[in-house]
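# Overview (structure and organization)
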Amino acid sequence: HVNVIADESMNTDMVLGRTRLEIVAAGRDPVVLETELPLGNPANPLSFEDCGEKLRKCAAFAARPPAEDAIDALIEVVGELDTADDVAPLTAGLG
């Protein structure tokens, strides 16, 4: 059984701010994990590789999951945006 309880005292001005996870299981000591800057916060950003992996995981849940090679191509195009002469390949696989 899982209960999610919002703690207003944890609110910050950041979109991704303080986070606390507390697990209480019968017959065991509580486990508490807390961070001021969760992964994805501008002060603790995801690496480009982590973003690619997140895309792969999320894409698997799409109504029409893209092919693996389409995901690879999109990641490659995004990785080269700073030097691209044309951004049209970004939308090529949207069909």
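Just so you know, these numbers come straight off a predicted model, no measurement behind them.

## Regarding the overall build of the protein
Helices and strands together make up the secondary structure of the protein, namely two helices and two strands. Ordering the α and β elements of the protein from the N terminus gives β-β-α-α. On C-alpha atoms alone, the protein measures out to a radius of gyration of 19 Å, which is more than a quarter above the 12 Å that the 2.2 N^0.38 rule sets for 95 residues. Structurally, the protein occupies a C-alpha span of about 55 × 30 × 20 Å along its principal axes. For the protein, with 95 residues in total, the buried portion stands at 8%. Taking as baseline every contact in the protein between residues at least 6 positions apart, the subset at least 24 positions apart corresponds to 11%. In the structure as shown, the protein presents an accessible area of about 8100 Å², 57% of it carried by carbon and sulfur atoms. One way to put it: in the protein the 7 positive side-chain charges average out to a point 10 Å from where the 18 negative ones average out.

## Here's the deal with the confidence of the model for the protein
On average, residues of the protein score 86 in pLDDT, and 93% of them are at 70 or above. At the low end of the mean pLDDT range in the protein sits strand E1 (residues 19-23), at 85; at the high end sits helix H1 (residues 48-59), at 95.

## A word on the pattern of salt bridges
Pairing between side chains becomes possible if they bear opposite charge and their charged atoms approach one another. Applying the stated criterion across every chain yields a total of five salt bridges. A salt bridge links Arg20 to Glu34, with the shortest nitrogen-to-oxygen separation between them at 3.1 Å. Of this pair, Arg20 sits in strand E1 while Glu34 sits in strand E2 (residues 31-35); the two residues are 14 residues apart in sequence, bridging distant segments of the chain. Accessibility expressed as a relative area gives 41% for Glu34, which makes it partly exposed.

Criteria and thresholds
- The residue count restarts for each chain, going from 1 along the sequence in the order it is written.
- In keeping with the predicted nature of the model, local features appear solely for residues at pLDDT of at least 70, side-chain atom pairs appear and are counted solely at 80 or more, and the whole-chain, interface and lining totals rest on all residues.
- As a rule here, side-chain values cover all heavy atoms of the structure and leave hydrogens and water aside.
- Numbering of helices and strands runs from the N terminus, with a helix taken as a DSSP run of H or I at least four residues long and a strand as a DSSP run of E at least two residues long.
- The quantity called the radius of gyration is restricted to C-alpha atoms. Its globule counterpart is 2.2 Å times the number of residues to the power 0.38.
- The rule is simple: take the accessible area with a 1.4 Å probe, protein chains only, and divide by the maximum for that residue type; under 20% is buried, over 50% is exposed, in between is partly exposed.
- For this analysis, residues touch if any pair of their heavy atoms sits within 4.5 Å.
- Using a 1.4 Å probe, the Shrake-Rupley method yields the accessible areas, and only the shown protein chains count as cover for residues.
- His residues and chain termini do not enter the charge count, which takes Lys and Arg as positive and Asp and Glu as negative.
- Note that the charge is assigned to NZ on lysines, CZ on arginines, CG on aspartates and CD on glutamates.
- A residue's pLDDT is the predictor's confidence in that residue, given on a scale from 0 to 100.
- We define a salt bridge as a side-chain nitrogen of Lys or Arg found within 4 Å of a carboxyl oxygen belonging to Asp or Glu.

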